[in-house]
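# Coordinate analysis (summary)
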Amino acid sequence: MTGISSRALLGKACRAERAICQQSYPQDLWIAAAAFQNNDLAFEVKVDSPSETIRGTAAHWIRVLVATPAHSAVAEPLTYGSAQPLAAGALVRVPLGRREVLGIVWETGLPAPEPDLAARVRPVAAVFDALPPLAAPWRALIAFVARYYQRALGEVALAALPPQLRQLSGQQLARRLARAARAESAESAPDDAPGITLTPDQQRALEQIERESGPFLLFGATGSGKTEVYLRAAQAALARDAQAQVLVLAPEINLTPQLLARLQARLAPSLGQQAVVALHSRLTPAQRLQSWLAAHLGQARVVLGTRMAALASLPHLALIVVDEEHDPSYKQQEGARYSARDLAVYRGHAQGAKVILGSATPSLESWRQSRPATQDDPGGRYRRLEMPARIGTAVGAAPNAGWPHVQRVDMARQPKDAPLAPPLLAAITECVARGQQALLLLNRRGWAPVLCCADCGWKSQCPHCSAYRVFHKTDRTLRCHHCGLSVPVPRACPGCGNQDIAAIGRGTEQLEEQLAALLADVRRPDGAPARIARIDADTTKGQGRLEAQLAQVHAGAVDVLVGTQMIAKGHDFRRVTLVAAINPDAALFSSDFRSPERLFALLMQACGRAGRDAASGAASQMWIQTRHPAHPLYALLAAHDYPAFAALQLQERALAGLPPFSHLALLRADARSQSAAQAFLAALAQAAQTALATTPELAAAQSAVRWYPAVPLPIQRVAGVERAQMLLESASRAALQRVLAALTPLMHALRADPAHRTVLRWLIDVDPAAV
């Protein structure tokens, strides 16, 4: 049999065996013997006797979730046998093909299958009986996420568990639980909460939170004391119930150290250090497991986390706080693409927990949901709580008292290629000389976004992506920020050999270096030279580096801080009196309809970093370097008028039929070629026209949904994979959901068609963050 590999023979045998078994037995029973590898099924095969592959009988039949994505053929719970009764929500280890994987018992008490079929059902390998089962409210939340976001149950459920659980045995987990119990019993300390006088705005907000059920939109200016409201609301919830738990969500990991310190300082003296935990992806696997177990067992009374914490097991949840609720980081961009903010509202309603959404620049969806009722409008579902004044502002002061003065600098009138306008440079110099801090926002990391040859036109294009590799001078590399490719900077142009390769554009590395030269002669009040620091994704890699850099800023060891949007949100920099946005104009002309909203929020948040100390608030400044100083967005920013900006944006979106006045979903296909990806989506649209006409309900839903043609993504190729998308739009969320639910089997069938064999994967993105 020369010329035919054993792997090819095995593949043919697998396909034949799978065809026979799928004709004879329910698919989920046979799939329990399959291994999910490389987006396909690889079966164990015993050609002489398939029954030898799966053995055993059991007294109890259960369905178990395993981690499989929706685009695979193993997307539903699989049937297994158990010698002992198991509760729904119990964690188990089960065989899946040649592997043994972590699973969650989802259904119990199934009727016994036929004897010949029962012999082929594999038994559960192990049970994590030391761990209490995942509660019914958590399982209901997972079911909702899978249903609404069109994902597989197992994919959502297993992704919500700490990864280290997949490597532990039952005995290892039992030892960790015993250690956690000993640590909990050792904690005890007196209550030492500081006495802080609330402002009238804070007092009114807390009274309404206590009196009403919510959900609440806390619309508070930056520096108005929203965090104190969160802390007091958490204290009240914990005091009402000795088992109550509080979930606090932050949009980014870099905001958690500051918030965690405040939570621990306020609550740990009375609850114990183990009762306040963090849960995010930068923790080590062991730390993440420890925090999750503390939350699941009820030992953690307060959980602070990023979007992943929205799916944490919290059996006694009483309050959910979503800080900076407008931030797009709450939308998951991989796997199950859920919105943590929206899930917080759903989870609070389902579990009877109060929900507080806080922001100085709320998302337009939340803003509209909090509109007050009028004679012609019943109003939104949220209760809006307003805190317009900064702490330290005198009662009865002007609306914008204590806010930074916004200066718009027309860069068309400034020296060409100057990184900073002379007036801004003079203001920074004065700021440093007074012993205050300045913050410069440039939302582009690296030295320059592209290298270019003037002779032949070569550019630093990534060979695997439809994007440019960014020049990083610190290690002299060209890095693709999409696929991760990193190569040394060429000594000469790869196209023509020209040694004069120029950098186009400016990133944070370049701005930091140029500032060092411009401020070389500037001195602090103590006579020391100005100190410049940079905070972005490149300088904060590594455990503890972000915390160390932020500590330096808070201690006054940094005079000028350069960074990306990481430094613009949520931080309480008490010494910052000047903030400057360098070249924010690109977002004004983006094709994404949400770009103006995000730009306004980013600049308002950056503006809020200045003058947070009441003594320096009146003298604080916000500078915007722009070529469009008369743009309405900048004019509303200068007036610090978010309500007017929101009204203008909502009016435009209502005329265009865009969210929050409609609902969107993206169908996406990844393939080896752009034509194959678009052909898959076009075939899906055509097949849907026929399939959705089979019942009156589906036909009615289809008539309420508008389909747009398939197009490439803005960055259409990443890591050699071509990506295309198709937009669906409807004024009815229910109609859109019916259509999406009907598309999943169609996408499975199309992907199995040989005509679409080059399609690698597909996904459905409900309520996409960008289109």
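Computed from a prediction, not measured in an experiment: that's the story for all the values here. (Residues numbered from 1 in each chain as written. Predicted model: local features only at pLDDT ≥ 70, side-chain atom pairs only at ≥ 80, totals over all residues. Heavy atoms only, no water.)

### Topic: the overall build of the protein chain
Formally: Strands here mean DSSP runs of E at least two residues long; helices mean DSSP runs of H or I at least four residues long; both are numbered from the N terminus. Relative accessible area decides the class of each residue, using a 1.4 Å probe on protein chains only: under 20% of the type maximum gives buried, over 50% gives exposed, and in between gives partly exposed. Any pair of residues with heavy atoms lying within 4.5 Å of one another is described as a contacting pair. Each accessible area value is a Shrake-Rupley result obtained with a 1.4 Å probe; residue values ignore everything except the protein chains displayed when judging cover.
If you tally the helices and strands in the protein chain, you get 21 helices and 30 strands. A total of 771 residues make up the protein chain; the buried ones form 53% of that total. The contacts of the protein chain with a sequence gap of at least 6 include a subset with a gap of at least 24, amounting to 74%. Only carbon and sulfur atoms are counted for the fraction: they give 53% of the accessible area of the protein chain, which is about 33,100 Å².

### A short note on the confidence of the model for the protein chain
It should be kept in mind that the predicted coordinates are not to be read in detail where pLDDT is low. Worth spelling out the cut-off: Across the chain, each position has a pLDDT score giving the predictor's confidence in that residue, from 0 to 100.
On average, residues of the protein chain score 86 in pLDDT, and 88% of them are at 70 or above. Every residue in residues 1–57 scores below 50 in pLDDT, and together they form 85 contacts with partners more than four places removed in sequence or on other chains. This stretch, residues 185–192, has a pLDDT under 50; its non-local contacts, to residues over four places away or in other chains, come to 10 contacts.

### A short note on the pattern of salt bridges
As a reminder of what qualifies: Salt bridge criterion: a side-chain nitrogen from Lys or Arg within 4 Å of a carboxyl oxygen from Asp or Glu.
Using the criterion set out here, one finds 33 salt bridges in the structure. Across the pair E325 and R341 runs a salt bridge, and its minimum N-O distance is 3.6 Å. Here R341 lies in helix α11 (residues 340–351) and E325 lies in the loop between β12 (317–323) and α11, a separation of 16 residues in the sequence. Like R341, E325 is buried. The closest approach of N and O atoms between R653 and E597, which form a salt bridge, is 2.7 Å. Within this pair, whereas R653 is found in helix α18 (residues 642–656), its partner E597 is found in helix α16 (residues 595–607), the two being separated by 56 residues in sequence. The pair formed by R653 and E597 is uniform in burial state, with each residue classed as buried. The network of salt bridges with common partners includes E228, R232, R262 and R266.

### Focus on the nonpolar core
In plain terms, the rule: Each nonpolar core is a collection of buried residues, namely Ala, Val, Leu, Ile, Met, Phe, Trp, Tyr and Cys, held together in the definition by side-chain atoms within 4.5 Å.
In this structure, I104, L161, L667, W707, L728 and L743 are the most contacted members of the largest nonpolar core, which totals 132 residues. With nine residues, the single largest contributor to this core is helix α21 (residues 733–752). With 31 residues, the next largest nonpolar core counts I209, F216, A250 and M387 among its residues.

### Concerning the side chain of Q208
With respect to the helices and strands, Q208 occurs in helix α7 (residues 200–211). Judged by relative accessible area, Q208 falls into the buried class, the value being 16%.

### Re the packing of α16 against α18
We count it as follows: Axis definition: a line fit to C-alpha positions, over the contact stretch in the case of helices; interaxial angles, taken between N-to-C directions, run 0 to 180 degrees. Reported orientations rely on four angle classes, namely roughly parallel under 35 degrees, roughly antiparallel over 145, roughly perpendicular from 65 to 115, and oblique for the rest. The classification used treats Ala, Val, Leu, Ile, Met, Phe, Trp, Tyr, Cys and Pro as nonpolar, Asp, Glu, Lys and Arg as charged, and all other residues, Gly among them, as polar.
α18 packs onto α16 with a crossing angle of 170° between their chain directions and a minimal axis gap of 11 Å. Considering their axes alone, α16 and α18 lie roughly antiparallel with respect to each other. Seen from α16, the contacting residues are P596, E597 and F600; seen from α18, they are Y642, F645, Q649 and R653. When the residues that make up the contact of α16 with α18 are grouped by side-chain class, the tally is four nonpolar, one polar and two charged.

### Let's talk about the sheet that holds strand β18 (residues 470–472)
Put simply, the rule is: Pairing between strands is defined by DSSP: at least two bridges between the two strands are required.
The three strands lie next to each other as β18-β19-β20, forming an open sheet whose pairing is antiparallel. Of all the strands in the sheet, the pair left with one neighbour each is β18 and β20 (486–488). Pairs of neighbouring strands in the sheet enclose a mean axial angle of 30°, with direction left out of account. Bridging between strand β19 (residues 477–479) and β20 involves three bridges; their strand directions are antiparallel. Counterpart to L478 in the pairing with β20 is V487.

### Considering the packing of helix α19 (residues 674–691) against α21
The condition is simple: Here is the rule for handedness: rotate from the far helix to the near one, and if that takes an anticlockwise turn smaller than a right angle the crossing is left-handed, while a clockwise turn gives right-handed.
Where α19 meets α21, the axes come as close as 10 Å, and the angle between the chain directions of the two elements is 130°. With respect to their mutual orientation, α19 and α21 come out oblique. The hand of the α19/α21 crossing is right-handed. Of α21, the residues touching α19 (which contributes F680, A683, L684, A687, A688 and A691) are L743, L746, M747, L750 and R751. Across the contact of α19 with α21, the residue classes tally to 10 nonpolar, no polar and one charged.

### Here we look at the packing of aromatic side chains
Heads up, the rule is: Each Phe, Tyr or Trp ring, with Trp reduced to its six-membered ring, pairs with another whose centre is within 6.5 Å; inter-plane angles below 30 degrees give stacked pairs, above 60 give edge-to-face pairs, and intermediate values give tilted ones.
Taken as a whole and judged by the stated rule, the model has 10 aromatic pairs. Here the aromatic rings of F144 and Y346 are separated by 3.7 Å at their centres, their planes lie at 10°, and the arrangement is stacked. In this pair, F144 is assigned in helix α4 (residues 136–148) and Y346 in helix α11, connecting sequence segments 202 residues apart. Residue classification places F144 among the buried residues on the basis of a relative accessible area of 16%. On the basis of relative accessible area, Y346 is assigned to the partly exposed category, the value being 27%. Each ring, one from W447 and one from F471, has its centre 6.4 Å from the other, and the planes form 65°; the classification is edge-to-face.

### Side note on the sheet that holds strand β6 (residues 99–107)
Spatial strand order, β4-β3-β6-β5-β7: five strands in an open sheet with antiparallel pairing. Two strands close off the open sheet at either side, each with one partner strand: β4 (78–82) and β7 (126–127). Sheet topology note: the strand β3 (residues 60–65)/β4 ladder contains five bridges and is antiparallel. From the neighbouring strand, V64 faces β4, where its bridge partner is L78.

### Focus on the pairing of strand β25 (residues 621–626)
By the criterion of burial, β25 is predominantly enclosed, with six of the six residues buried. A two-sided burial pattern is seen for β25, the buried positions comprising Q621, W623 and Q625 on one face and M622, I624 and T626 on the other. Where strand β24 (residues 576–582) lies against β25, five bridges are found, and the strand directions are parallel. If you follow I582 over to β25, its bridge partner there is Q625.

### Description of empty space enclosed by the protein
Counted only if it meets this: Lining residues are those with an atom within 4 Å of a point, where the points come from a 1 Å grid over the protein atoms alone and group into cavities, where a 1.4 Å probe fits but cannot get out, or pockets, open sets with protein on both sides within 12 Å along at least five of seven lines. Grid points are joined across faces, edges and corners, and a volume is the space filled by probe spheres set on the points.
Enumeration according to the criterion identifies two cavities of 30 Å³ or more in this entry. If you go around the largest cavity, the residues you meet are T227, Y230, L231, A234, V248, L259 and L263. Looking at the lining of the largest cavity, the elements with two or more residues in it are α8 (226–240) and α9 (256–271). Considering every element that reaches the lining of the largest cavity, the biggest residue donor is α8, with four residues. Looking at side-chain class alone, the lining of the largest cavity contains six nonpolar, one polar and no charged residues. A volume near 30 Å³ is recorded for the second largest cavity. Listed by contribution, the elements that provide at least two residues to the lining of the second largest cavity are α4 and α11. Among the elements that take part in the lining of the second largest cavity, α11 stands out by supplying four residues, more than any other. A class-by-class count of the residues in the lining of the second largest cavity yields five nonpolar, one polar and one charged.

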